[in-house]
Amino acid sequence: MTRNYYRTGNYKPDHSTCGSVIYNYDFDGYVSMTSMAERIISDWKFDEKCKKLANNKIKKGVK
């Protein structure tokens, strides 16, 4: 019998996005899906805001 080994490759972190914060109570099982979704969406909004600011600086030629 042959065995299948799956490899995911090397992990390359993306430093252009916010990593978010993981709290201890996230693992307790008492966190609602809506509160997790709100935190994820707020992180996405923060990332978008940072991208817009960076693009504006590039367009203006600010270093």
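Colleague: Teacher, can you tell me more about the environment of Lys-57 here?
Modeller: Among the secondary structure elements, Lys-57 is positioned in helix H1 (residues 33-60). When its relative accessible area of 48% is taken as the criterion, Lys-57 is described as partly exposed. The spatial distance from the C-alpha of Lys-57 to the C-alpha of Ser-35 is 33 Å, given a sequence separation of 22 residues.

Colleague: When you look at the layout of surface pockets in this model, what are you seeing that I'm missing?
Modeller: One water molecule sets the probe size; rolling that probe over the atoms shows where empty space is left. One number sums up the size of the largest pocket: a volume of about 150 Å³. Along the walls of the largest pocket sit 10 residues, with Ser-20, Met-36, Arg-39, Ile-40 and Asp-43 positioned nearest its centre. Along the lines of polarity and charge, the residues of the lining of the largest pocket split into 5 nonpolar, 1 polar and 4 charged.

So, how was this worked out
Along each chain, residue indices are assigned from 1 in the same order as the chain's sequence is written. Residues qualify for local features only when their pLDDT is at least 70, as the model is predicted, and side-chain atom pairs are given and counted only at 80 or more; totals for whole chains, interfaces and linings, by contrast, use all residues. Side-chain calculation: all heavy atoms of the structure are included, whereas hydrogens and water are not. Secondary structure elements follow DSSP: runs of H or I no shorter than four residues count as helices, runs of E no shorter than two count as strands, and numbering proceeds from the N terminus. Buried residues are those whose accessible area, probed at 1.4 Å on protein chains only, stays under 20% of the maximum for their type, while exposed residues exceed 50% and partly exposed ones sit between those limits. With a 1 Å grid spanning the protein atoms alone, the term cavity applies to any set of points in which a 1.4 Å probe fits but cannot get out, the term pocket to an open set with protein on both sides within 12 Å along at least five of seven lines, and the term lining residue to any residue with an atom within 4 Å of a point. Grid points are joined across faces, edges and corners, and a volume is the space filled by probe spheres set on the points. For this scheme, ten residues count as nonpolar: Ala, Val, Leu, Ile, Met, Phe, Trp, Tyr, Cys and Pro. Four count as charged, namely Asp, Glu, Lys and Arg, and the remainder, Gly too, count as polar.

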